[in-house]
Amino acid sequence: MEIILRSTIIYFFLWAVARGVGKRELSEMTAFELILLVVMGDLIQQGATQEDMSMTGAVLAVGTLAMWILVFAYLSWRFRRLRPVMEGVPVVVIHNGEPLDEVLAIERLTLQEILEAARNQGITDLAEVDIGVLEPDGKFSFLQSSGRSDQQGSPEKHTG
Amino acid sequence: MQAEADRQSIPTQPAPTDIPRQIRARTGRRVFVAALGVFLLLGALGFYGVRTTSASAAGGGYELSLDYASVSRPGLATPWAFEVRRAGGFPDGVTVTVTSAYFDVFDENGLGPAPAEETADGDLTVWRFGPTASDTLSVSFDARIEPGVQLTTAKGELSVLGPDGRPAVTVSFRTFVMP
């Protein structure tokens, strides 16, 4: 019972962390953040299984996390109003070719990141973009005037 | 231009959706999720340990009760504690024997209170506790299952020896160590 409770608490904490750090951080991973992620995994393992060294304990912990993932996915699918809370909402960052500075500031995005994401999609000028969207998973989607839509993976981190 | 014309067409579209196959896959996923739910429910109910059980017996003027784990897992603290009761206390002390092999699965931290004397007699460990005015002697064994032990059943017997040196009362116990 304990291991299930501990795994449940850790799941909700990790979910809160993932929702709390913001979309941009979700999709970016510097070398340092990668190391932090590995360290977090180790700390989480100790918190969840403590001194339990059995396979049964490991399966219980992983099974609990998997079950909560399924529960969240179901709730998000079944109850539309929960979806923004559980998964976040897409945010328009470019409208009619114009970067929305206030939105960029709120999401801690730089223009350089937007430009790089656009370049990765073969877009040479933001004027070609009708709408640019920062998706809940931290990826960018660009809807172009031609009707062509592109989505790109994780943007590289820039300073400034 | 010629090279462009020679290019082989490699369509990237996926195969048409096979609805019956998707339904079968969904059924498989549901069966898996149901099995996972049952597994977790049993875990929440303590089915996989640590599950504590009691055994007791009386004889020769002694009452002996033992709390032990019927199921445990590697690395976990596992209870093993006994009480001996006798009206009038134990003016001459009390001697108990226990199957030595049972403790092979444990990382031992110690017995409390420590016996005045401990000897091993073949398959048995003999503990002699000094005189006490109390009617009850409570002894607990502080231990964890060794990490490398799994899928093992450890079993043994605990006896209180009477004045004639023979077991006056005995309880049996067994602990299954989950993988």
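Residues numbered from 1 in each chain as written. Chains lettered and ligands numbered in written order. Predicted model: local features only at pLDDT ≥ 70, side-chain atom pairs only at ≥ 80, totals over all residues.

1. As for the overall build of chain B
Helices and strands together make up the secondary structure of chain B, namely two helices and ten strands. Listed N to C, the secondary structure of chain B is α-α-β-β-β-β-β-β-β-β-β-β in terms of helices and strands. Relative to the globule expectation of 16 Å for 179 residues, the C-alpha radius of gyration of chain B, 29 Å, shows a markedly less compact shape. With the C-alpha coordinates aligned to their principal axes, the bounding extent of chain B is approximately 105 × 35 × 25 Å. Counting all 179 residues of chain B, 24% fall into the buried class. Of the contacts formed within chain B by residues at least 6 apart in sequence, a portion of 68% connects residues at least 24 apart. (Helix = DSSP H or I, 4+ residues; strand = E, 2+ residues; numbered from the N terminus. Rg over C-alpha atoms; globule rule 2.2 N^0.38 Å. Buried ≥ 20, exposed ≤ 12 C-beta atoms within 10 Å, placed from the backbone. Contact = placed C-beta atoms within 7 Å.)

2. Some remarks on the confidence of the model for chain B
Per-residue confidence for chain B gives a mean pLDDT of 91, with 97% of residues at or over 70. Scored by ipTM, the complex comes to 0.72, with pTM at 0.73. (pLDDT = per-residue confidence, 0-100.)

3. Topic: helix α7 (residues 111-120) of chain A
Because each turn of an α-helix spans 3.6 residues, side chains separated by three or four positions in sequence point in the same direction. All names here are of chain A. Among all positions in α7, only Glu-113, Ile-114, Ala-117 and Ala-118 are buried. In a view along the axis of α7, the buried residues occupy a sector of 135°, so they form one face of it. Following α7 by one or two positions, Gly-122 has its phi on the positive side, about 75°. (Arc of directions from axis to C-beta.)

4. With respect to the interface of chain A and chain B
The figure often quoted for interface size is the accessible area lost as the parts come together. Taken together, the contact pairs 15 residues of chain A with 17 residues of chain B. No other element matches the nine residues that helix α4 (residues 55-78) of chain A contributes to the side of chain A that touches chain B. Taken together, the residues that form the side of chain A that touches chain B break down as eight nonpolar, five polar and two charged. (Nonpolar A, V, L, I, M, F, W, Y, C, P; charged D, E, K, R; others polar.)

5. Comments concerning the domain arrangement of chain B
Each assigned domain of chain B is listed here: domain 1 (18-47) and domain 2 (51-177). Taking the mean C-alpha position of each, domain 1 of chain B and domain 2 of chain B sit 43 Å from one another. (Domains from an automatic or database assignment.)

6. Side note on α4 of chain A
Its 24 residues give α4 of chain A an end-to-end C-alpha distance of 34 Å, which sits within 8% of 34 Å, the value for a rise of 1.5 Å per residue. Among the residues making up α4 of chain A, those that are buried are Thr-56, Gly-57, Leu-60, Ala-61 and Thr-64 of chain A. On its buried face, α4 of chain A is in contact with α1 (2-20) and α3 (31-49) of chain A together with α2 (19-44) of chain B. (Expected span 1.5 Å × (residues − 1).)

7. Comments concerning the nonpolar core
Ranked by internal contacts, the top residues of the largest apolar core, which has 29 residues, are Leu-64, Val-84, Leu-158 and Val-160 of chain B. Grouped together as the second largest cluster of nonpolar side chains are ten residues, Ala-117, Leu-134, Phe-140 and Phe-142 of chain A included. (Core = buried A, V, L, I, M, F, W, Y, C linked by C-beta atoms within 7 Å.)

8. Some remarks on the packing of α1 of chain A against α3 of chain A
In the contact formed by α1 of chain A and α3 of chain A, the axes pass within 8 Å of each other and the chain directions differ by 145°. Along the contact surface, α1 of chain A presents Ile-3, Arg-6, Ser-7 and Ile-10 of chain A, while α3 of chain A presents Ile-44, Gly-47, Ala-48 and Thr-49 of chain A. (Axes fitted to C-alpha atoms, helices over the stretch in contact; angles between N-to-C directions.)

9. Examining the environment of Ala-77 of chain B
Residue and element names in this part refer to chain B. Structurally, Ala-77 can be placed in the loop between β2 (62-72) and β3 (80-85). On the basis of neighbour counts, which here come to 14 C-beta atoms within 10 Å, the residue Ala-77 falls in the partly exposed class. In this structure, the C-alpha to C-alpha distance between Ala-77 and Ala-143, residues 66 residues apart in sequence, is 5.8 Å.

10. Side note on the confidence of the model for chain A
Residue and element names in this part refer to chain A. Across chain A, the average pLDDT comes to 83, with 85% of residues at 70 or higher. When pLDDT is averaged over each element of chain A, α4 comes out on top at 93 and strand β5 (residues 149-152) at the bottom at 53. Residue range residues 153-160 is modelled with pLDDT below 50. Its contacts to residues more than four positions away, or to other chains, number 21 contacts.

11. Description of the pairing of strand β7 (residues 124-129) of chain B
All names here are of chain B. Alignment of strand β4 (residues 94-99) against β7, held across six bridges, turns out to be antiparallel. Bridged to Thr-99 within β7 is Leu-124. Pairing between strand β6 (residues 117-121) and β7: five bridges, direction antiparallel. Paired with Thr-119 across the bridge in β7 is Val-126. Between β6 and β7, which pair antiparallel and follow one another directly, the connecting turn spans two residues, one of which, Gly-122, has a positive phi of 65°. (Pairing = 2+ DSSP bridges.)

12. Observations regarding the pairing of strand β8 (residues 136-145) of chain B
Residue and element names in this part refer to chain B. Pairing between β3 and β8: five bridges, direction antiparallel. The residue of β8 that forms the bridge with Glu-83 is Ser-138. Where strand β5 (residues 106-112) meets β8, six bridges bridge the pair, whose relative direction is antiparallel. Note on β8: the bridge partner recorded for Gly-110 is Asp-142.

13. Thoughts on unusual backbone geometry
Residues Gly-49 of chain B and Val-50 of chain B are joined by a peptide bond in cis, for which omega reads 0°. Within the fold, Val-50 of chain B resides in the loop between α2 and β1 (51-59). Between Gly-112 of chain B and Pro-113 of chain B the backbone carries a cis peptide bond, its omega angle lying at 0°. Looking at where Pro-113 of chain B falls in the secondary structure, it is placed in the loop between β5 and β6. In this model, Gln-50 of chain A sits at a positive phi of 50°, which is unusual for a non-glycine residue. A positive phi angle, near 50°, is found at Leu-151 of chain B, a position not held by glycine. With respect to the secondary-structure elements, Leu-151 of chain B resides in the loop between β8 and β9 (152-161).

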